[in-house]
Amino acid sequence: MNKTQQDDLLTRACDGATLSVSEGIEIMQHAGLPDLMAAAHHVRMKWHPHNRVTWIIDRNVNISNVCHAGCLFCNFSCSRSAEAAFVTNMDAYREKVSELFAMGGNQLLLQGGLHPDLGLAFYVDLFRSLKEAFPALRLHALGPPEVVHLANLEGIAVEEVLDHLIDAGLDSLPGAGAEILSDRVRQMLSPGKCNTHEWLQVMYHAHQKRVVTSSTMMFGHLETLEERLQHLVLLRELQEQKPDDAVGFISFIPWTFQDTHTALAKRHGVVNSVTALEYIRFFAVARLMLNNIANLQPSWLTVGVPTAQICLHGGGNDFGSVMIEEHVVSSAGAKHSMDKDGIQQAIRMAGFLPVRRDQHFNLMEDPSPTE
Ligand code: SF4
């Protein structure tokens, strides 16, 4: 493809066209970086025609570290008989949620893993107890692999699992466990987790039930460029199937494989292959490919603050969360951290106005009248 054809492609993307996998590969490999970022920023400004970048205060709590999924990139999980095995108790939740409210946040990101003994009743009781103790708490909890795991444990459909969880207080579903939506990759990377179809089916049913979800991608390990682009197309196609009055995927967050001490690195010699430049390019391509998802968030936790700040000029409009007590990615080498002052300062230094949001991207403070 010559320069004129590439420019046509970027112009079409700016106009909202639906790009194919091969067109995505073409701009990823050959478009000039300034052209790519300018196009992604143009699309961002069509979705969000202002200088604001949103952020949120929420808190991660791990329900347990017992998991039998066997993901080769995870240093966090262990067997139920391991000395380090834990299941978080209600006293700990009370303390952690009280701290969250004291910091001004109200969203709890509850992540579990595939515990072989904890069935649906455990999660229903947990969600109910949390909502009874803290009625204002918002639960951004579990993810498609856990929902599929519970359906298998209970011998019921994922729709039924979702109904029980929603009834017990689930507010939104994280896009966890997507990694790369390719069964070739998933079978090597996460042999005990749900497959691509199952992951997408959980999100499909969540959207049908008007549950807002996020979408993610973890890349830089075993996948090809084509599989990265195919992942984006699968998300976009699922989003096309959501009911008109549903939000569906409210955001997309691509993050890079953290390799430190992981089985993938130690046993197979696979290390994170994504440079800062490649991340910035891919982020911009994602903004152009995902023409039906409103919000894109660079992962400063995994790529570092400077790279994420540059992404705000190439398609990004959200800077995510202060990530209180994140363990899974951090235990594999993600060293970056920011408190609420730091996250706002990082947004300002990138040239944008920080505005705090809730989990549905509603603004929680008045934007400055001078923006
Ligand atoms: S990443 Fe999650 S699902 Fe995979 S082994 Fe770790 S805790 Fe289990």
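The notes below deal with the structure included here. (Residues numbered from 1 in each chain as written. Predicted model: local features only at pLDDT ≥ 70, side-chain atom pairs only at ≥ 80, totals over all residues. Heavy atoms only, no water.)

**Quick look at the overall build of the chain**
Then step 1. The helix and strand tally for the chain stands at 15 helices and 10 strands.
Then step 2. Seen through its C-alpha atoms, the chain measures out along the principal axes to roughly 60 × 50 × 40 Å.
Then step 3. For the chain, contacts bridging at least 24 residues in sequence account for 76% of all contacts bridging at least 6.
Then step 4. Accessible area for the chain stands at about 14,700 Å²; split by element, carbon and sulfur atoms hold 51% of it.
Then step 5. Seen as two clouds, the 29 positive and the 42 negative side-chain charges of the chain have centres 3 Å apart. (Helix = DSSP H or I, 4+ residues; strand = E, 2+ residues; numbered from the N terminus. Contact = heavy atoms within 4.5 Å. Areas by Shrake-Rupley, 256 points an atom, 1.4 Å probe, with all protein chains shown as cover. Lys, Arg positive; Asp, Glu negative; His and termini not counted. Charge placed at Lys NZ, Arg CZ, Asp CG, Glu CD.)

**A word on unusual backbone geometry**
Then step 1. For Glu179, which is not a glycine, the phi torsion comes out positive at approximately 45 degrees.
Then step 2. For Glu179, the location among the structural elements is in the loop between strand E5 (170-173) and helix H8 (183-189).
Then step 3. Positive phi, normally seen in glycine, also occurs at His261, with a value near 60 degrees.
Then step 4. Mapped onto the elements of the fold, His261 is located in the loop between strand E7 (249-256) and helix H11 (263-268).
Then step 5. The exposure class assigned to His261 is exposed, which follows from its relative accessible area of 59%. (Buried < 20%, exposed > 50% of the residue type's maximum accessible area, 1.4 Å probe, protein only.)

**What to know about the sheet that holds strand E2 (residues 58-62)**
Then step 1. With parallel pairing, the seven strands of this open sheet are ordered in space as E2-E3-E4-E5-E6-E7-E8. Looking along the sheet, the strands with just one partner apiece sit at the ends: E2 and strand E8 (295-296).
Then step 2. In this structure, E5 lies alongside strand E6 (residues 212-219), joined through two bridges in parallel fashion. Along E6, the bridge assignment pairs Leu173 with Thr213.
Then step 3. Strands E2 and strand E3 (107-111) of the sheet are contacted by helix H4 (residues 90-102), whose axis makes an angle of about 165 degrees with E2. (Pairing = 2+ DSSP bridges. Axes fitted to C-alpha atoms, helices over the stretch in contact; angles between N-to-C directions.)

**Brief notes about the site of the ligand**
Then step 1. Cys67, Ala69, Cys71, Phe73, Cys74, Ser77 and Lys193 make up every residue found near the ligand.
Then step 2. Partitioning the shell around the ligand into residue classes produces five nonpolar, one polar and one charged. (Near = heavy atom within 4 Å. Nonpolar A, V, L, I, M, F, W, Y, C, P; charged D, E, K, R; others polar.)

**A closer look at the nonpolar core**
Then step 1. If you look at the biggest cluster of nonpolar residues, it comprises 110 residues, and the most contacted ones within it are Leu110, Phe127 and Phe319.
Then step 2. If you tally residues by element for this core, the top one is helix H12 (residues 276-289), at nine residues.
Then step 3. Contact partners of Leu110, with chain neighbours within four places excluded, come to Val61, Ile63, Tyr93, Leu126, Phe127, Leu130, Leu139, His140, Ala141 and Leu142. (Core = buried A, V, L, I, M, F, W, Y, C linked by side-chain atoms within 4.5 Å.)

**As for the sheet that holds strand E1 (residues 52-56)**
As a general point, the strands of a sheet are linked pairwise by backbone hydrogen bonds and lie either parallel or antiparallel.
Then step 1. Here we have three strands laid out as an open sheet, ordered E9-E1-E10, and parallel in their pairing. A single partner strand is all that each edge strand has here, and the edge strands are strand E9 (318-321) and strand E10 (353-356). Each strand of the sheet is rotated relative to its neighbour by a mean of 25 degrees, with strand direction disregarded.
Then step 2. Two elements, E1 and E10, share four bridges in a ladder whose sense is parallel.

**Notes on the side chain of Ser64**
Then step 1. Along the chain, Ser64 falls in the loop between E2 and H4.
Then step 2. Polar contacts involving the side chain of Ser64 include one to the main-chain amide nitrogen of Val66, which spans 2.9 Å.
Then step 3. If we skip the residues at most four places from it in the chain, Ser64 touches Phe76, Phe86, Val87, Gln111, Gly112 and His115. (Polar contact = N/O pair within 3.5 Å; in protein donor to acceptor, adjacent residues only side chain to side chain.)

**Digging into the pattern of salt bridges**
Then step 1. Counted by the stated rule, this structure contains 14 salt bridges.
Then step 2. A salt bridge links Asp167 to Arg128, with the shortest nitrogen-to-oxygen separation between them at 2.8 Å. Placement of the pair is Asp167 in helix H7 (residues 158-168) and Arg128 in helix H5 (residues 120-133), with a sequence separation of 39 residues.
Then step 3. Here Asp167 falls in the exposed class, since its relative accessible area comes to 57%.
Then step 4. Judged by its relative accessible area of 35%, Arg128 is partly exposed.
Then step 5. Asp318 serves as the salt-bridge partner of Arg357, at 2.7 Å between the closest nitrogen and oxygen. Taken as a pair, Arg357 in the segment after E10 and Asp318 in strand E9 lie far apart in primary sequence, 39 residues in all.
Then step 6. Judged by relative accessible area, which is 0%, Asp318 ranks as buried.
Then step 7. Salt bridges sharing common partners tie together Lys3, Asp7 and Asp35. (Salt bridge = Lys/Arg side-chain N within 4 Å of Asp/Glu carboxyl O.)

These figures come from the coordinates and say nothing about function on their own.
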